[in-house]
Each structure stands twice: as C-alpha cells, then as structure tokens.
Amino acid sequence: MSANSVLLDFSLDPTRINDEVSRKDIVKLCKEHLEKFISGLKITYDMLTDDGYLCILNAPGAIITTIRFFNQGLITINIEYYRAESEAPKITFEQTRELENSLVVNLKLNHGQSLPTLQRGPITKYFPTADERVIEYDIDKVLYDKRSDFQKIQIVHSKSLGNMLVLDELQNIAEADLIYTETLMRRGVENYKDKEICILGGGDGALLYELLKEEPKHVVMLEIDDLVMEACNKYMNSICGDVLEKRKSDNYEIVVGDCMMYLNKFIKEGRKFDYVFGDLTDIPISDTPTGEIWDFIRVILESSFKVLKPDGKFMTHGNGVSCPESLQMYEDQLARLTPKVNFTKCSAFVPSFMEEWVFYQVQCASEAAASV
C-alpha cells in the first residue's frame, strides 16, 4: 500500500504562460488529454501565484491532479492517489508516457518528461546518492525497524541486493557489498596476519568477520550501538557470521561503548595497534570543513595516530567520487595533521550505494617514505 505520485513536466515559451488567454487554452487542453486516462475530472480550485498559476482537479477514486504554471516557462502535472497492495495502478507508466507525448504534440510544447510512479508509504524505496540524487531500490519488505538512543535502525530486503542495513534512512551495507569491506581493508594488499587491530564502529560486523579470516593476532571493535549489532546478528549474518553472537573470542573482542572514551583509555595505557579502522561516519557534504561532524573526524584522526604503532595505518571510507569538494576538504585535514602523514586512496563500485566510493589509507610520512 502506498500513495502513488505520477509526475510530468513540460517546457514552453514563457509568453504563453503569462498571457491569460493562452494559459486558459493550455489548461483546457491539459484537462481534455488527462480525461482520456482519468475519467470524471473536474476543476475544483485555481489561483494565480507569485510565480505563475495553480489549478487543482479532482476525480472519483480520490485522484487529485495539480497543474502548475511557472512564469519562467515550466508546467508541472502531478497526479496523486492511494493504492492498496491488491489494486492495479490507476494510470500506468505506459499511459503516462502516452499522455506526455500527446500533450507535447497537441500543445506544441518544447519538451516533455514523465517519471515512473513514485510509491510513498511505510516501505522506503528511495535513497540518496552521495551528491543527493535519488535512486529507487527494489525493496519489498521491512525486516527490522527500531530506534536506538543513537539512530533509526532498519533492515530491509532488496530483491537484487539481499538484506540491507539502513541507518537514519541512509543505506549502510547490504549482503551484496563484500566489495565494500574488501576495499576498505585492501584485501590482498595489506597483510593482517599476527597484527593487532582496532575497529572504530563497524557495528554490522562485516569488517570484523572478514579481518578474522586473515589470522590477526587480536582485533578489538568499539561500537556504541548495541541495537545495531543485535539487528545485524539476526538478519545480516551472511556478512557477519557469528562474530556478533559471540562478541568475544581468543583473537577478538567487541566492546560496547563510545570509541573516543576507549581511545583515550588506550592512549593513557600506551596501547598500540598495527591498524586502526575508522568505520564510522562518512565525510560530510558541506561548504566548509566546520561543524560537529568535521570536529569529530579531526578528533578521531588525531586520537587514532596516538594509538598506532610508528609504521601503523589508519584505514577508512570517504564518500562518493561524485563529491570531489568534500573529499578534497578531508585531504586538507590530513595535510594538517602533526606529525605529517601520507595517504593513498582507492575506489570501488558499491552495489547498495549504486556509485563509486573512495577509501583512504593513511600512514605517518616518515614510515611511508621508509617503506618505499
């Protein structure tokens, strides 16, 4: 069940909108062509607006249609109705395309576009890319939906991606995303055998599960949200195995708590790691590297290098390649670290993100030079 929204837009010479007689003719023709697909359509309200004109039409079956004219030369038509799961659509995409073509030809419009029906309701199917474009996913059910003290947690099922973890309505990781974890850890490039590793975050368990296959000496994972781990243990064990069930073994331990509190504890104890993974927040999309998240990123970077061995590496995910400005801001922050660091980066197409994602490997400059 969902509210279905059918969207069309057209462009034309602005003078045709600003002329009252021409505008009325366009409305009349739009209504006539709409009635071929929506019977009993009646104009119930219209008004001039500061930027053009709005017309609202009603039809049996609680179908509401709006026609809006913008003085700049744009017309939008929105058709909205409620559709039960067992009901057929009141207007199909094929009919929408037919309506679009009919209006373009008969109204002599410059351009027309129609979109597949947007389905808005209890099952979220639309998620943003890094640069805030919208992608529709083939999600057919919600398996888990709770809110912890820290975030909204959902696990949904996608026909093509399998189960997918969604945090605060952003796609996080899916069963099809092994490439994400393998690129983050640089599998086949880095050697984790007998190494000591700290994971900051990583509540889905995927990174821990894959790292343990590389025979490290010990891995400690610091995750603040126990509810994320409970959900992933139940619905995402194809990517996390049983590590979230056991929580502790000879070669790993999961600690539930604020990673900064434990990093500060490790700094005081003088505890050192070969690798620290920042599996926390993505690089923010912002105009400047300011604000709470950027402050958090800087503190994480500074604290991580205090618990890394001299030749240790900080490994993290960045953001989409479609966000070069934000990636550059992150690299600028790396350049300000003391002591100096060098970094490498790589990217991979992540199925559940439906875009190329950037990953960073950061090391003290003196050690990076010595290893060349």
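Definitions and cut-offs
Residues numbered from 1 in each chain as written. Predicted model: local features only at pLDDT ≥ 70, side-chain atom pairs only at ≥ 80, totals over all residues. Heavy atoms only, no water. Helix = DSSP H or I, 4+ residues; strand = E, 2+ residues; numbered from the N terminus. Rg over C-alpha atoms; globule rule 2.2 N^0.38 Å. Contact = heavy atoms within 4.5 Å. Areas by Shrake-Rupley, 256 points an atom, 1.4 Å probe, with all protein chains shown as cover. Lys, Arg positive; Asp, Glu negative; His and termini not counted. Charge placed at Lys NZ, Arg CZ, Asp CG, Glu CD. Phe/Tyr/Trp six-rings, centres within 6.5 Å; stacked < 30°, edge-to-face > 60°. Buried < 20%, exposed > 50% of the residue type's maximum accessible area, 1.4 Å probe, protein only. Salt bridge = Lys/Arg side-chain N within 4 Å of Asp/Glu carboxyl O. Pairing = 2+ DSSP bridges. Axes fitted to C-alpha atoms, helices over the stretch in contact; angles between N-to-C directions. UniProt positions renumbered as here; feature names shortened; annotations may be inferred. Left-handed = near helix turned anticlockwise from the far one by under 90°.

(A) Examining the overall build of the protein chain more closely. Secondary structure summary: the protein chain contains twelve helices and 21 strands in total. For 372 residues, the compact-globule estimate of 2.2 N^0.38 gives 21 Å, and the protein chain exceeds it by more than 25% at 27 Å. Each principal axis of the C-alpha atoms in the protein chain carries an extent, and together these give about 80 × 45 × 35 Å. Pairs at least 24 apart in sequence give 59% of the contacts found in the protein chain among residues at least 6 apart. Of the roughly 18200 Å² of accessible surface on the protein chain, 50% is carried by carbon and sulfur atoms. Seen as two clouds, the 41 positive and the 59 negative side-chain charges of the protein chain have centres 1 Å apart.

(B) A look at the packing of aromatic side chains. One pass over the structure, following the stated rule, counts 13 aromatic pairs. Between the aromatic rings of tyrosine 180 and phenylalanine 359, the centroid separation amounts to 5.2 Å while the plane-to-plane angle is 70°, which identifies the pairing as edge-to-face. A residue pair is termed long-range when its members are at least 10 positions apart, and tyrosine 180 in helix α4 (residues 178–185) and phenylalanine 359 in strand β21 (residues 355–364) qualify at 179 residues. Both residues of the pair, tyrosine 180 and phenylalanine 359, belong to the buried class.

(C) Region of the structure containing the pattern of salt bridges. Counted according to the given criterion, the structure contains 21 salt bridges. Between arginine 97 and glutamate 100 there is a salt bridge, with its nearest N and O atoms 3.5 Å apart. Note that arginine 97 and glutamate 100 are positioned in helix α3 (residues 93–106) at a spacing of three residues, about one turn of the helix. Relative accessible area serves as the criterion here: at 39%, arginine 97 is assigned to the partly exposed category. Since its relative accessible area comes to 8%, glutamate 100 is described here as buried.

(D) Examining the sheet that holds strand β15 (residues 218–223) more closely. The strand order across the open sheet formed by eight strands is β16-β17-β15-β14-β18-β19-β21-β20, and the pairing between neighbours is mixed. Only two strands of the sheet have a single neighbouring strand rather than two, namely β16 (248–249) and β20 (341–350). Bridging between β16 and strand β17 (residues 252–256) involves two bridges; their strand directions are antiparallel. For serine 249, the partnering residue across the bridge sits in β17 and is tyrosine 252. Where α4 meets the sheet, its contacts fall on β18 (273–279), β19 (308–320), β20 and β21, and the angle it forms with β20 comes to roughly 165°.

(E) Here's a closer look at the UniProt feature "active site" (unreviewed entry) in the protein chain. When the UniProt feature table is mapped to this numbering, "active site" (unreviewed entry) covers Asp279. Within the element layout of this structure, aspartate 279 appears in strand β18. Taking the relative accessible area as the measure of exposure, aspartate 279 reaches 13% and is therefore buried. If sequence neighbours within four positions are ignored, aspartate 279 has contacts with Tyr180, Leu184, Ile199, Leu200, Gly201, Gly202, Leu207 and His317.

(F) Seen up close, the packing of helix α2 (residues 20–34) against α3. Remark: α2 packs on α3, axes separated minimally by 10 Å, with the N-to-C direction vectors making an angle of 145°. Where α2 crosses over α3, the two elements pack in a sense that is right-handed. Contact residues: α2 offers Leu29, Cys30, His33 and Leu34, while α3 offers Leu99, Ser102, Leu103 and Asn106.

(G) How the structure looks around the environment of cysteine 232. Residue placement: cysteine 232 occurs in helix α6 (residues 226–235). It is 35 Å that separates the C-alpha atoms of cysteine 232 and valine 6, two residues lying 226 residues apart in sequence. Excluding its chain neighbours within four sequence positions, the residues that come into contact with cysteine 232 are Ile155, Leu165, Gly203, Asp204, Asn237, Cys240 and Leu244.

(H) Up close: the sheet that holds strand β13 (residues 170–174). The strand order across the open sheet formed by four strands is β10-β11-β12-β13, and the pairing between neighbours is antiparallel. In the strand order of this sheet, the two ends are held by β10 (139–147) and β13, each with one partner. Averaged over all pairs of adjacent strands, the angle between their axes in this sheet comes to 25°, without regard to strand direction. Note: β10 against strand β11 (residues 152–158), seven bridges, orientation antiparallel. Looking at β11, one finds that tyrosine 144 is bridged to isoleucine 155.

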